[in-house]
Amino acid sequence: NMSVYYHTGMRDLFVGAICAIALFLFFYRGYDRWDEISADLAGIFALGVAFFPTVEEGSWDWVAWVHFSSAACFLVILALISIFLFTRGEEYPSEMKRKRNFIYRACGIIMLVSLAAVEVFFLFFGGINSDSGFVLIAETVILVAFGISWLTKGGTFYPDKLKKRV
């Protein structure tokens, strides 16, 4: 999984990237208190991922459990932000807002399904002791899905107003 990068020469980049994501989430100010609380919680859990490394091999110690719990909470919160917070809006949404809401919900559901698949993999198919790349692929799907959701929220996809080209 991605967290094993902590035990490679990529450790500093991995930890730095996670810390940057956490800082971004801490400074994000949404439309109301729920946006801020959810972003702050996701940021705290991202720091848990960064500062409590997983084990490279073998059984998990308490640090690895903190890491795993932080990662799970971080990713679940991102999925819930996509499904519930990004979809809020007007009583009568525009056509573009309805399209964006579809993207937010689809991305959030993809994230939750991928997380559930990782849990099933850990429980029934060897999990941490497996050489399979399944968890890395599932984590990549989760992060790409949230990236699409975030870019949509930022107006990259289906904006209400088209930008004029100069």
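In what follows, the accompanying structure is described. The structure displayed is predicted, hence computed values, not measured ones. (Residues numbered from 1 in each chain as written. Predicted model: local features only at pLDDT ≥ 70, side-chain atom pairs only at ≥ 80, totals over all residues. Heavy atoms only, no water.)

### What to know about the layout of surface pockets
What counts is decided by this rule: For each structure, a 1 Å grid was placed over the protein atoms alone; sets of points admitting a 1.4 Å probe that cannot get out are labelled cavities, open sets with protein on both sides within 12 Å along at least five of seven lines are labelled pockets, and lining residues have an atom within 4 Å of a point. Grid points are joined across faces, edges and corners, and a volume is the space filled by probe spheres set on the points. Think of it this way: any DSSP run of H or I at least four residues long counts as a helix, any run of E at least two long counts as a strand, and we number them from the N terminus. Think of it as three bins: nonpolar holds Ala, Val, Leu, Ile, Met, Phe, Trp, Tyr, Cys and Pro, charged holds Asp, Glu, Lys and Arg, and polar takes everything else, Gly as well.
The computed volume of the largest pocket comes to approximately 750 Å³. Contributing to the lining of the largest pocket are 34 residues, with Met2, Ile18, Phe74, Leu75 and Leu143 lying nearest its centre. When residues of the lining of the largest pocket are traced back to their parent elements, those giving at least two are α1 (11–27), α3 (62–85), α4 (95–124) and α5 (134–153). Broken down by element, the residue count for the lining of the largest pocket peaks at eight residues, all from α3. Across the lining of the largest pocket, the residue classes tally to 27 nonpolar, five polar and two charged.

### What to know about unusual backbone geometry
Our working rule: The classification of residues rests on relative accessible area computed with a 1.4 Å probe and restricted to protein chains. Under 20% of the type maximum is buried, over 50% is exposed, and intermediate values are partly exposed.
Even without glycine at this site, Tyr158 takes up a positive phi of about 55 degrees. The exposure class of Tyr158 is partly exposed, given its relative accessible area of 37%.

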